[in-house]
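Coordinates in review
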Amino acid sequence: MKKTILVTGGTGFIGSHTTVELQAAGYDVVIVDNLSNSNADVVDGIEQISGIRPAFYKVDCCDLPALEDVFKKHPDICGIIHFAASKAVGESVEQPLKYYENNLVSLINLLKIMPVYGVKGIIFSSSCTVYGQPDPEHLPVTEEAPIKKAESPYGNTKQINEEIVQDYVKSGAPISAILLRYFNPIGSHPSGIIGELPNGVPANLIPYITQTAIGIREQLSVFGDDYDTPDGSCIRDFIYVLDLAKAHVAAMARIVEGKNTEPVEIYNVGTGNGVSVFELLNTFEKCTGVKVNYKVAPRRAGDIEKVWGNVDKANNVLGWKAVHTLEEALSSAWNWQKKLRERGIM
Ligand code: WQD
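Residues numbered from 1 in each chain as written. Predicted model: local features only at pLDDT ≥ 70, side-chain atom pairs only at ≥ 80, totals over all residues. Heavy atoms only, no water.

Quick word on the site of the ligand
Surrounding the ligand, one finds 21 residues, the nearest of these being Tyr154, Leu205, Ser221, Arg236 and Asp303. Side-chain polar atom of Asp303 to an oxygen atom of the ligand: 2.6 Å apart, as the coordinates give it. Burial of the ligand by the protein chains amounts to 95% of its free accessible area of 680 Å². Per-element accounting of the shell around the ligand gives the leading share, 4 residues, to strand E8 (residues 220–223). Tallied by class, the residues present in the shell around the ligand amount to 13 nonpolar, 4 polar and 4 charged. (Near = heavy atom within 4 Å. Polar contact = N/O pair within 3.5 Å; in protein donor to acceptor, adjacent residues only side chain to side chain. Areas by Shrake-Rupley, 256 points an atom, 1.4 Å probe, with all protein chains shown as cover. Helix = DSSP H or I, 4+ residues; strand = E, 2+ residues; numbered from the N terminus. Nonpolar A, V, L, I, M, F, W, Y, C, P; charged D, E, K, R; others polar.)

Next up, the structure:
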């Protein structure tokens with residue numbers, strides 16, 4: 001009997017890639033997504049890749065009755081991977097209430113429902129932004145690093161979400177949770193059938209680069225070259241989305257198979273390597289042969305100067321490790337952008 005996993009935000013960038021990997025690992029998947037930052041045709045793409053069409057419901061996780069209906073229809077759901085959230089650092093500075101309402105209420109609704117329907121575990125999509133700007137001596141950052149004051153409402157919602165899960169489990173809730181603190185997910189499925197496709201002007205670096213490279217955007221703005229880093233641009237830990245998706249499968253299996261040793265476990269999910277914006281830009285141009293028109297612009301509010309992960313715990317305890325190179329991730333992003341052009345999508 002196949003186990004069924006609910007993937008919230010499953011037509012989104014990371015959710016769709018994780019759905020494909022869950023199916024490959026033998027799970028049935030049910031997707032809920034409000035399509036605020038993705039399209040329903042991603043479900044067709046998932047089916048094209050895996051040969052299995054996941055159940056899909058256009059549901060906002062903040063709508064408790066609608067969300068509960070999905071569990072009524074699928075009483076075999078034994079685990080949840082919760083991606084559905086607003087996730088642009090810059091936008092969260094401009095629209096804090098949207099971020100607090102969407103990101104907190106959606107999680108609370110899921111936690112309320114879990115015991116009612118006997119759902120054992122939840123994998124929560126957290127983020128390295130919970131660390132704020134780690135002190136230099138705490139880089140690469142480990143899971144034990146102090147949680148510093150968030151530098152954006154987005155980062156704060158992730159911190160509060162982690163506390164909500166911890167407090168709920170501490171209160172005796174009959175569930176287990178794994179918090180995955182991702183760094184910067186990039187790239188697209190090698191098939192070119194699914195990928196990162198935010199609605200409107202991209203907030204994130206990679207889609208802005210590929211849209212500039214193909215001529216949709218006039219020029220990339222590099223937000224600041226006066227940071228305290230070797231080349232002045234920000235440093236991040238860019239992880240290929242395929243590796244990230246596989247980390248979710250490993251985490252879900254750990255809970256479903258009852259291998260978790262704590263009711264709440266936390267893992268950094270990154271490559272362990274810090275790469276600057278300029279280094280990434282140069283790597284993109286080298287591995288695609290495409291020059292990117294850019295200018296240096298003022299810093300963006302809410303940006304962290306430099307953060308990359310110590311991923312020993314995920315490697316040694318979760319049994320997961322990122323295996324793809326930055327070049328593979330960036331080549332896949334460019335391949336995806338070209339496929340979108342071939343299909344007349346953008
Ligand atoms: C990366 C760097 C920008 C756009 C992301 C997600 C967040 C979380 C963490 C998962 C920064 C610079 C960007 C541009 C630029 N992921 N940049 N020009 O802010 O690190 O956060 O990863 O939970 O959801 O948003 O990613 O890609 O926006 O920025 O110079 O047009 O690229 O200043 O230094 P960020 P990002």
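Side note on unusual backbone geometry
For the bond running from Leu139 to Pro140, omega is -5°, close enough to zero to count as cis. Structurally, the position occupied by Pro140 is in the loop between strand E5 (121–127) and helix H6 (153–170). You will see that Leu35, though not glycine, has its phi angle at about 60°, which is positive. On the secondary structure map, Leu35 appears in the loop between strand E2 (28–33) and helix H2 (42–50).

Considerations on empty space enclosed by the protein
For the structure on display, the rule yields 2 cavities of 30 Å³ or more. Space inside the largest cavity adds up to approximately 80 Å³. Lining the largest cavity we find 13 residues, and of these Glu196, Pro207, Thr210, Trp336 and Gln337 sit closest to its centre. Mapped onto the lining of the largest cavity, the elements with two or more residues apiece are helix H7 (205–213) and helix H11 (326–342). Among the residues making up the lining of the largest cavity, the classes are represented as 7 nonpolar, 5 polar and 1 charged. Around the second largest cavity, the lining residues are His82, Phe83, Ala84, Ala85, Asn103, Phe124, Ser125, Lys158 and Asn161. Every element with two or more residues in the lining of the second largest cavity is listed here: E5 and H6. (1 Å grid on protein atoms, 1.4 Å probe; cavity = no way out; pocket = protein on both sides within 12 Å on 5 of 7 lines; lining within 4 Å. Points joined across faces, edges and corners; volume = space filled by probe spheres on them.)

Things to note about the sheet that holds strand E3 (residues 55–58)
An order of E3-E2-E1-E4-E5-E6-E11 is seen for the 7 strands of this open sheet, with the pairing classed as parallel. Unpaired on one side and paired on the other, E3 and strand E11 (264–269) mark the two borders of the sheet. Strand-to-strand twist of the sheet, defined as the mean angle between neighbouring strand axes without regard to direction, takes the value 20°. Of the pairings in the sheet, the one linking strand E1 (residues 4–8) to E2 comprises 5 bridges and is parallel in character. (Pairing = 2+ DSSP bridges. Axes fitted to C-alpha atoms, helices over the stretch in contact; angles between N-to-C directions.)

Let's talk about the layout of surface pockets
Taken as a whole, the second largest pocket spans an internal volume of roughly 200 Å³. Together, 17 residues line the second largest pocket, and Phe238, Thr271, Asn273, His324 and Leu326 are the ones closest to its centre. Breaking the lining of the second largest pocket down by element, the ones donating at least two residues are strand E10 (238–240) and H11. The dominant element in the lining of the second largest pocket, judged by the number of residues it contributes, is E10, at 3 residues.

What to know about helix H3 (residues 64–73)
Where H3 is concerned, the buried positions are Leu67, Val70 and Phe71. Down the axis of H3, the buried side of the element spans an arc of 95°, and every buried residue falls inside it. When the buried face of H3 is taken as reference, the exposed residues oriented beyond 90 degrees from it are Pro65, Lys72 and Lys73. Buried residues in H3 make contact with E1, E2, E3, strand E4 (77–82) and helix H5 (96–116). (Buried < 20%, exposed > 50% of the residue type's maximum accessible area, 1.4 Å probe, protein only. Arc of directions from axis to C-beta. Contact = heavy atoms within 4.5 Å.)

Quick word on the nonpolar core
With 61 residues, the main nonpolar core has Leu180 and Leu280 as its most contacted residues. Residues in contact with Leu180, not counting those within four places in the same chain, are Ile123, Phe124, Ser125, Ser126, Ser127, Ala247, His248, Ala251, Tyr267, Val269 and Leu318. With 27 residues, the next largest nonpolar core counts Tyr57, Ile77, Phe124 and Val264 among its residues. (Core = buried A, V, L, I, M, F, W, Y, C linked by side-chain atoms within 4.5 Å.)

Structural notes on helix H9 (residues 277–288)
Helix length check: H9 (12 residues) gives 16 Å between terminal C-alpha atoms against 16 Å at 1.5 Å per residue, within 8%. Considered for burial, the residues of H9 that qualify are Val277, Phe278, Leu280, Leu281, Thr283, Phe284, Glu285 and Thr288. Residues of H9 that are buried sit in contact with H7, E8, E10, strand E12 (275–276), strand E13 (294–297) and H11. Where H9 ends, the next residue or the one after it, Gly289, has phi of about 75°, a positive value. (Expected span 1.5 Å × (residues − 1).)

Considerations on the packing of aromatic side chains
Any aromatic ring pair is given by two values, namely how distant the centres are and how the planes are angled relative to each other. The tally for this structure, following the rule as stated, stands at 3 aromatic pairs. With centroids separated by 5.9 Å and ring planes inclined at 55°, the aromatic side chains of Phe278 and Tyr294 adopt a geometry described as tilted. Taken together, the positions of Phe278 in helix H9 and Tyr294 in strand E13 put the pair 16 residues apart, joining distant regions of the chain. Residue classification places Phe278 among the buried residues on the basis of a relative accessible area of 14%. Since its relative accessible area comes to 36%, Tyr294 is described here as partly exposed. On the basis of an interplanar angle of 85° and a centroid distance of 5.9 Å, the ring pair of Phe284 and Trp334 is categorised as edge-to-face. Pair noted here: Phe284 is in helix H9 and Trp334 is in helix H11, with a separation of 50 residues, a long-range link. (Phe/Tyr/Trp six-rings, centres within 6.5 Å; stacked < 30°, edge-to-face > 60°.)

Looking at the side chain of Asp33
Its location among the elements puts Asp33 in strand E2. No salt bridge is formed by the buried Asp33, whose closest oppositely charged neighbour, Lys58, lies at an N-O distance of 8.3 Å. In this structure the side chain of Asp33 is engaged in a polar contact, spanning 2.8 Å, whose partner is the backbone nitrogen of Leu35. In contact with Asp33, other than residues within four places in its own chain, are Gly9, Gly10, Thr11, Gly12, Ser38, Phe56, Tyr57, Lys58 and Val59. (Lys, Arg positive; Asp, Glu negative; His and termini not counted. Salt bridge = Lys/Arg side-chain N within 4 Å of Asp/Glu carboxyl O.)

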